[in-house]
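# Residue-level structure breakdown
What follows is each chain in one-letter form.
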Amino acid sequence: RRFLKYPFRLALASHIAAIGLIAVGHELPYVKQYAVWVLLPCIICFLPTTGAGLQKSARRFVGTLFGSAVALGCVYWNPRNPPALISELLIVTFAGKYASTFPSIGYGGLVL
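None of the values given here were measured: they were computed from a predicted structure. (Residues numbered from 1 in each chain as written. Predicted model: local features only at pLDDT ≥ 70, side-chain atom pairs only at ≥ 80, totals over all residues. Heavy atoms only, no water.)

Moving on: the packing of aromatic side chains. Summed over the entire model, instances satisfying the criterion amount to 2 aromatic pairs. Seen from their ring centres, F94 and Y98 are 6.4 Å apart, and the 10° between their planes marks the pair as stacked. Of this pair, F94 and Y98 are both found in helix α4 (residues 82-99), 4 residues apart, which corresponds to roughly one turn of the helix. For F94, a relative accessible area of 60% translates into the label exposed. Here the aromatic rings of Y98 and F102 are separated by 5.3 Å at their centres, their planes lie at 90°, and the arrangement is edge-to-face. The partly exposed category is assigned to F102, whose relative accessible area is 37%. (Phe/Tyr/Trp six-rings, centres within 6.5 Å; stacked < 30°, edge-to-face > 60°. Helix = DSSP H or I, 4+ residues; strand = E, 2+ residues; numbered from the N terminus. Buried < 20%, exposed > 50% of the residue type's maximum accessible area, 1.4 Å probe, protein only.)

Here it is in structure tokens:
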């Protein structure tokens, strides 16, 4: 029973927020564009501890910065070359997924 408390709360909160966003999205179409960004804090706030939320947020921030730098480098070195950009995309995606298997990197690799 103790192990089901957190997943149940997370699922309930996520669904309530998603249903609210769908309802608001019918009245205000531009809300649908940002629905994922509204759900993200809802999910992060329901992590089991404050440290887990801070750690996940920090890894997301570092992964986003690193991914942005890599993307800018790819565009700088191969401007207007779609085959090269797609190849680099596959390589960076593989590297990010592989990096996420290490506990010290974890979620930051998936954000990359």
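So, about unusual backbone geometry. Unusually for a residue other than glycine, R80 sits at a positive phi of about 55°. Turning to its location among the elements, R80 is positioned in the loop between α3 (50-77) and α4. Exposure remark for R80: the relative accessible area of 86% places this residue in the exposed category.

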